[in-house]
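Per-entry structural report
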Amino acid sequence: MASAQDLRKRIKSVTNTQQITKAMKMVASARLRRAQGKAEATRPYAEKIGQILRRISSSDLHDYLSPLLEVRPVKRTCYIVIGADKGLAGAFSSNVLKKAIEQIGDKRPDQYRIITTGRKPKDALKNRHYKIEYSYSGFSDKPAYEHARIIMGEALSLYERHEVDEVIMIYTHFLNSMTQIAQAERILPLEQPDDEVKDEEYEFMPNPESVLDALLPKYLEITLYNGLLQSAASELGARMTAMTSATDNAGELISSLGLEYNKLRQSSITNEISEIVGGANALQ
Amino acid sequence: MAEPMTLTIITPDAVVYNGFANFFVGRAVDGEFGILPNHAPMIIALDMAPLRVDSPDSTSHTFAIFGGFVEIEHNQVSIVTPNCELSSDIDIDRASRAKQRAEERLSKRTPDIDIERAEHALARSLLRLKVTKQI
């Protein structure tokens, strides 16, 4: 049985922990709101790029096939694993890792290339002896478009050099702050959108082919940027949920320890009184 | 005069400009162009170049546009670009420092520098200076 002093110490330490988790919860929820706003702000851009892409696809391309749309037999695959820099976000990091490992399956090291963002997936994959081609970190909860551009640039150059034949992005889809789903999405080769919009004839300057060539990398960048933003929001959402439950658990622990401490204190007082009473009785 | 067109400039992070325009000039991959209201539907691939927009209230804005696309439909113009800066928001000192740095790197050509990246940086800083009429 713990002594009253031990219990006091534990209550104090749990209270301190609770304060920390509460602060982390507040920070995560404030950042989450910002991340959600940012994800929302990219929507007009993504929609417009998608719309232009559909317009080009439904125009006459004179049998031109962009290399980015060409489906080649898959010999090697590039995985872009988007994860977190920091832990304490519940199952967020392990879900991403699980998805990545499931996707890679039993491929030999010469059949895949891995690009990671965030420290967690990099360390975890390294510990499991996966070979990592490029890794980026330091922006997992606040990605900028520039990051997406750099990462996509590397993936594109691997693809264009025929070092890989497809690119798969593993990210976490943000549904709400309670639910996030780790997903794998093939981003290269691109799928031609088939919902054709044949309402109007568009002119292209200089010509449809070169507009398409300029557009596809932009489309990929915004897809990846969206993946980064979704993952950032998911990470913060997962952290907020984890810290909320940690704060609640600490509260429960404090109240049960408090109860135990009070019981102990009461029994020791009762003991003392009965001793005094016993002593006084013996004197009579 | 024809009814002015609505013009929106969209970047991944925000809608930078949303207003009316009587005329705008930019540079496509194959050369400069100017667009007046009621243009036929068209999609243009933009080069890294300045873009001037003349508003109906006879003011004009100049933007530095870092590539992107113009889509014209029903007198409505959308410019989607990865990055865009208004001329008055550009930090001239920073741009000229960046230009110097890039030029230095390109002239020395030490093996550890990324030439493509330095050329890109030079092009960006030149565009910024051009838009702010420093060169």
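What this report covers is the structure whose coordinates are included nearby.

With that settled, consider the sheet that holds strand β3 (residues 134–136) of chain A. Either a parallel or an antiparallel arrangement is found when strands of a sheet pair, and the pairing is made through backbone hydrogen bonds. All names here are of chain A. Read across the sheet, five strands follow the order β3-β2-β1-β4-β5 without closing on themselves; strand pairing throughout is mixed. Of all strands in the sheet, those bounded by a partner on one side alone are β3 and β5 (180–188). The sheet shows a mean angle of 20° between the axes of neighbouring strands, direction not considered. Its contacts with the sheet put helix α3 (residues 92–104) on β1 (77–82), β2 (112–117), β4 (166–174) and β5, and the angle it makes with β4 is roughly 155°. Against the sheet, helix α5 (residues 145–160) engages β1, β2, β3, β4 and β5, with an angle of about 175° to β2.

Residues and elements named next belong to chain A. Phi is positive for His129, close to 65°, though the residue is something other than glycine. Tracing the sequence through the fold places His129 in the loop between α4 (119–127) and β3. Look at His129 and you get exposed, because 7 C-beta atoms sit within 10 Å. Of note, His162 is a non-glycine position whose phi angle comes to about 60°, a positive value. By the element assignment, His162 lies in the loop between α5 and β4.

On to the packing of helix α2 (residues 43–57) of chain A against helix α6 (residues 208–283) of chain A, then. Residues and elements named next belong to chain A. One can describe the packing of α2 onto α6 by two numbers: an axis separation of 10 Å at closest approach and a directional angle of 145°. As α2 packs across α6, the resulting crossing turns out to be left-handed. Here α2 contributes Tyr45, Ala46, Ile49, Ile52, Leu53 and Ile56 to the contact with α6, which in turn contributes Pro208, Val211, Leu212, Leu215, Lys218, Tyr219, Ile222 and Asn226. For the contact of α2 with α6, the class distribution of residues is 12 nonpolar, one polar and one charged.

Across the contact, 25 residues belong to chain A and 21 residues belong to chain B. Secondary-structure elements contributing two or more residues to the side of chain A that touches chain B are α1 (4–41), α2, α5, β6 (203–205) and α6 of chain A. When residues of the side of chain A that touches chain B are assigned to their parent elements, the largest contribution, seven residues, is made by α6 of chain A. Class assignment of the residues belonging to the side of chain A that touches chain B gives a composition of 15 nonpolar, two polar and eight charged. One ladder, built from three bridges, connects β6 of chain A with strand β5 (residues 42–54) of chain B; its direction is parallel. Within the sheet, the bridge partner assigned to Glu203 of chain A lies in β5 of chain B and is Met42 of chain B.

What follows covers the packing of helix α1 (residues 92–108) of chain B against helix α2 (residues 115–131) of chain B. Residues and elements named next belong to chain B. Their axes nearest at 8 Å, the elements α1 and α2 cross at an angle of 150°. Classed by the angle they form, the pair α1 and α2 counts as roughly antiparallel. When you trace α1 past α2, the crossing you get is left-handed. Residues Ala95, Ser96, Ala98, Lys99, Ala102, Glu103, Arg105 and Leu106 of α1 form the contact with α2, whose own contacting residues are Ala118, Glu119, Ala121, Leu122, Ser125, Leu126, Arg128 and Leu129. Looking at the contact of α1 with α2, its residues break down into nine nonpolar, two polar and five charged.

Parameters and conventions
- Residues numbered from 1 in each chain as written.
- Chains lettered and ligands numbered in written order.
- Predicted model: local features only at pLDDT ≥ 70, side-chain atom pairs only at ≥ 80, totals over all residues.
- Pairing = 2+ DSSP bridges.
- Helix = DSSP H or I, 4+ residues; strand = E, 2+ residues; numbered from the N terminus.
- Axes fitted to C-alpha atoms, helices over the stretch in contact; angles between N-to-C directions.
- Contact = placed C-beta atoms within 7 Å.
- Buried ≥ 20, exposed ≤ 12 C-beta atoms within 10 Å, placed from the backbone.
- Left-handed = near helix turned anticlockwise from the far one by under 90°.
- Nonpolar A, V, L, I, M, F, W, Y, C, P; charged D, E, K, R; others polar.
- Parallel < 35°, antiparallel > 145°, perpendicular 65-115°, else oblique.

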